[in-house]
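Here is how the chains run, residue by residue.
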Amino acid sequence: MIPTEHVEQRDLVMWFRQTYPGVRIFAVPNGGARSISTAARLRVEGVCAGVPDLFIPAWKLWVEMKRQKGGSVSAEQKDWIAYLESVDYTTLVCKGAEDAKSKIKNLQKTS
């Protein structure tokens, strides 16, 4: 069975916090099933569809998590990724926790 995006993201965050203990990572809870009233309330508070799932401020790095198989980047996500890269942030689209770990390690090697 292919792990859910939730499980992949949870595993990545746990690994990241153990591997880079002084570096902060946080989730942007802009997805998931919500009632219409909750979605409307969050939208006026600034929640935007397509914002990547995780942010690492010290590295100016955004991470969009997908399942190992089956996940695709939406039009809104593509638009946010293009915008973030245009204002000098790095973005990664990762197919599962292992892919994300590998890409993050590679970024740190080149920094």
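Here the structure is shown first, and the text comes after it.
Please read these numbers as outputs of a predicted model, since none were measured by experiment.

Calculation notes
- Residues numbered from 1 in each chain as written.
- Predicted model: local features only at pLDDT ≥ 70, side-chain atom pairs only at ≥ 80, totals over all residues.
- Heavy atoms only, no water.
- Core = buried A, V, L, I, M, F, W, Y, C linked by side-chain atoms within 4.5 Å.
- Buried < 20%, exposed > 50% of the residue type's maximum accessible area, 1.4 Å probe, protein only.
- Helix = DSSP H or I, 4+ residues; strand = E, 2+ residues; numbered from the N terminus.
- Contact = heavy atoms within 4.5 Å.
- Phe/Tyr/Trp six-rings, centres within 6.5 Å; stacked < 30°, edge-to-face > 60°.

**So, the nonpolar core**
Then comes step 1: Grouped together as the largest cluster of nonpolar side chains are 17 residues, with contacts concentrated most on L12, F16, L54, V63, M65 and I104.
Then comes step 2: Every element with two or more residues in this core is listed here: α1 (5-19), β2 (54-56), β3 (61-66), β4 (90-95) and α4 (97-110).
Then comes step 3: Per-element tally for this core: the top contributor is α1, with 4 residues.
Then comes step 4: Ignoring anything within four residues of it in the chain, the contact list for V63 reads L12, P52, D53, L54, L92 and C94.

**Observations regarding the environment of C48**
Then comes step 1: Here C48 lies in the loop between α2 (36-45) and β2.
Then comes step 2: For C48 and L92, which are 44 residues apart along the polypeptide, the C-alpha to C-alpha distance reads 18 Å.
Then comes step 3: Excluding its chain neighbours within four sequence positions, the residues that come into contact with C48 are N30 and W80.

**Quick word on the environment of D79**
Then comes step 1: For D79, the position within the fold is in helix α3 (residues 75-86).
Then comes step 2: In sequence terms D79 and G50 are 29 residues apart; their C-alpha atoms lie 7.6 Å from each other.

**A look at the packing of aromatic side chains**
The description of an aromatic ring pair rests on the distance of the ring centres and on the angle between the ring planes.
Then comes step 1: By the definition in use, this model includes 10 aromatic pairs.
Then comes step 2: Ring centres of W15 and F16 lie 6.4 Å apart, and the angle between their planes is 65 degrees; on these two criteria the pair is classed as edge-to-face. No difference in accessibility class separates W15 from F16, as the two residues are buried.
Then comes step 3: Judged by centre distance (5.0 Å) and plane angle (40 degrees), the ring pair of F16 and Y20 falls under tilted.

The quantities given are spatial measurements derived from coordinates; they are silent on function.
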